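# What the coordinates show
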Amino acid sequence: MRPSLLACPLTICLLSSALAAGAAEPPLPQLEAYTVRDSWRQPIAPVRIADRTWQIGTAGLTALLVVTDDGAVLIDGGMPQAADALLANMARLEVAPADLRLLLSSHAHADHAGPFAALKRRTGARLVANAESAALFARGGTDDLHFGDDIAYPPVDTDRIVMDHEVVSQGGVDFTVHFVPGHTPGSVAWTWTDTRDGRPVRIAYVDSLSAPGYRLQDNPRYPRLVEDYRRTFRTVRELPCDLLLTPHPDASGWDFAAGDAAGARALSCIAYADGAETRFDAQLADEQAKSR
């Protein structure tokens, strides 16, 4: 089931060549209630990250397919309207819907978990998450601490609740969850080991570390928000991290539209955390100045 690094079926090669030549597929439909930048909705051909790990999402949102010896694992899915595009990219990698065994997530916002309900119905995959994200999944993103009901998506039930540092195994690949609360209370990083160029590579898929428009100080819905961010920055710096990926690829220096050169300027986990903490400090200082 696993695609070869050295060869691909003729139809996949022709499709990839066509896309590379500019014959791009039309963008996914826009949502009425939740509009986003075009790159988040633009399908692309699968991009190989490592021997087992592929980016199958859009140009601006990461969705990682890890092809194991016993089925596949999808980490994040993008916008709610992305299910068909994800399944089409799986088919290009010769992964059938029934081969998708697990759904993992970075956090329970619509631009990353939006198609999970549809994917569960169409593949039978089981959703794995921590308790904080499971609660938000069940509400379809409504009553969000910062966005209210503005970024709702189809509700989805969680099949397995995981604790910090718990290992989720599938087909000989071990995925370790690391809690990194801040962007959401249930934000996580996932780490696993793949191979590339004949060598092991420790991959870290780390959630967003931004606080877009958040009230940081004395937030009644999240009283220890600042403390959680501080702890998260420390956690991310200490992750096993030969190769970093993030839900928004540009946040970690990836350009999936560039194909083989997608990770040419990818950050380290330490640099990612350092940059995020610098921006967080500036945002906090600005909020404090305005409150005086």
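Below you will find a few notes about this structure.

Analysis parameters
- Residues numbered from 1 in each chain as written.
- Predicted model: local features only at pLDDT ≥ 70, side-chain atom pairs only at ≥ 80, totals over all residues.
- Heavy atoms only, no water.
- Phe/Tyr/Trp six-rings, centres within 6.5 Å; stacked < 30°, edge-to-face > 60°.
- Helix = DSSP H or I, 4+ residues; strand = E, 2+ residues; numbered from the N terminus.
- Buried < 20%, exposed > 50% of the residue type's maximum accessible area, 1.4 Å probe, protein only.
- Core = buried A, V, L, I, M, F, W, Y, C linked by side-chain atoms within 4.5 Å.
- Polar contact = N/O pair within 3.5 Å; in protein donor to acceptor, adjacent residues only side chain to side chain.
- Contact = heavy atoms within 4.5 Å.
- Axes fitted to C-alpha atoms, helices over the stretch in contact; angles between N-to-C directions.
- Parallel < 35°, antiparallel > 145°, perpendicular 65-115°, else oblique.
- Left-handed = near helix turned anticlockwise from the far one by under 90°.
- Nonpolar A, V, L, I, M, F, W, Y, C, P; charged D, E, K, R; others polar.
- Expected span 1.5 Å × (residues − 1).
- Salt bridge = Lys/Arg side-chain N within 4 Å of Asp/Glu carboxyl O.
- Pairing = 2+ DSSP bridges.

Let us look at the packing of aromatic side chains. Enumeration according to the criterion identifies seven aromatic pairs in this entry. Note on Phe 175 and Trp 192: the rings are 5.4 Å apart at their centroids and 45° apart in plane angle, and the pair reads as tilted. Remark: Trp 192 occurs in strand β10 (residues 188–196) and Phe 175 occurs in strand β9 (residues 173–179); sequence separation between them is 17 residues. On the accessibility criterion, Trp 192 (3% relative accessible area) is buried. Between Tyr 229 and Phe 233, the ring centres sit 6.0 Å apart and the planes meet at 45°, which makes this aromatic pair tilted. One end of the pair is Tyr 229 and the other is Phe 233, both in helix α6 (residues 225–237) and four residues apart, which spans about a single turn.

A few words now on the nonpolar core. Counting residues in each nonpolar core, the largest one holds 38 residues, and the members touching the most others are Ile 56, Leu 65, Leu 74 and Phe 137. Broken down by secondary-structure element, the contributors of at least two residues to this core are β3 (64–68), β4 (71–75), α2 (83–92), β5 (100–104), α3 (110–113), α4 (116–123), β6 (126–129) and α5 (131–138). Considering every element that reaches this core, the biggest residue donor is α2, with five residues. Ile 44, Ala 50, Val 128 and Val 188 belong to the second-largest nonpolar core, a separate cluster that totals 27 residues.

To continue, consider the side chain of Ser 106. Counting through the fold element by element, Ser 106 comes out in the loop between β5 and α3. Of the polar contacts made by the side chain of Ser 106, one reaches the side chain of Asp 76; its length is 2.7 Å. Each residue touching Ser 106, except ones within four places of it in the same chain, is listed here: Asp 76, His 112, Gly 186, Ser 187, Val 188, Tyr 205, Asp 207 and Pro 247.

With that out of the way, let us pick up the packing of α6 against helix α7 (residues 269–291). At their nearest, the axes of α6 and α7 sit 8 Å apart, and the two run at 160° to each other. Considered as vectors, α6 and α7 are oriented roughly antiparallel to each other. Regarding α6 and α7, the two cross each other, and that crossing is left-handed. Facing Leu 225, Val 226, Tyr 229, Arg 230, Phe 233, Val 236 and Arg 237 of α6, the residues of α7 in contact are Cys 269, Ile 270, Tyr 272, Ala 273, Asp 274, Ala 276, Glu 277, Phe 280, Asp 281 and Leu 284. For the contact of α6 with α7, the residue count by class is twelve nonpolar, no polar and five charged.

Let us now look at α7. Think of an α-helix as turning once every 3.6 residues; residues three or four places apart then point the same way. Between its first and last C-alpha atoms α7 spans 33 Å; for 23 residues at 1.5 Å apiece the expected length is 33 Å, and the two agree. For α7, the secondary structure elements touched by its buried residues are β11 (199–206), α6 and β12 (243–245).

The next subject is the pattern of salt bridges. What the rule picks out here adds up to 15 salt bridges. Here Arg 101 ties to Asp 70 by a salt bridge, and the two come within 3.0 Å at their closest N and O atoms. Here Asp 70 lies in the loop between β3 and β4 and Arg 101 lies in strand β5, a separation of 31 residues in the sequence. With relative accessibility at 30%, the residue Arg 101 sits in the partly exposed group. Residue Asp 70 is classed as partly exposed on the basis of its relative accessible area of 40%. Two residues, Asp 143 and Arg 221, come together in a salt bridge whose shortest N-O distance is 3.4 Å. Note that Asp 143 is positioned in the loop between α5 and β7 (160–161) and Arg 221 in the loop between β11 and α6, a separation of 78 residues in sequence.

On to the sheet that holds β6. Pairing within the open sheet is mixed, and its seven strands lie in the order β1-β2-β3-β4-β5-β6-β7. What marks the edges here is a single partner per strand, and that holds for β1 (47–48) and β7. Bridge analysis of β1 against strand β2 (residues 53–55) gives two bridges, and the strand direction is antiparallel. Bridging across to β2, Arg 48 finds its partner in Trp 54. Strand contacts of α4: β4, β5 and β6, with the helix running at about 165° to β5, the strand carrying the most contacts. Sitting on the sheet, α5 is in contact with β6 and β7, with an inclination near 130° to β6.

For the pair α2 and α4, the least separation of the axes is 9 Å and the interaxial angle reads 50°. With respect to each other, α2 and α4 are oriented oblique. Relative to α4, α2 is oriented so that their crossing is right-handed. Facing α2, whose interface residues are Ala 83, Asp 84, Leu 86 and Leu 87, α4 presents Ala 118, Leu 119, Arg 122 and Thr 123. Of the residues that constitute the contact of α2 with α4, the class distribution is five nonpolar, one polar and two charged.

Attention now goes to the side chain of Lys 120. Summarising the element assignment, Lys 120 is placed in helix α4. Polar side-chain contacts of Lys 120 include one of 2.8 Å to the side chain of Asp 159. Those residues within four positions of Lys 120 in sequence are excluded, and the remaining contacts are Leu 103, Ala 125, Leu 127, Val 156, Asp 157 and Asp 159.

On their own, these measurements won't tell you what the molecule is for.
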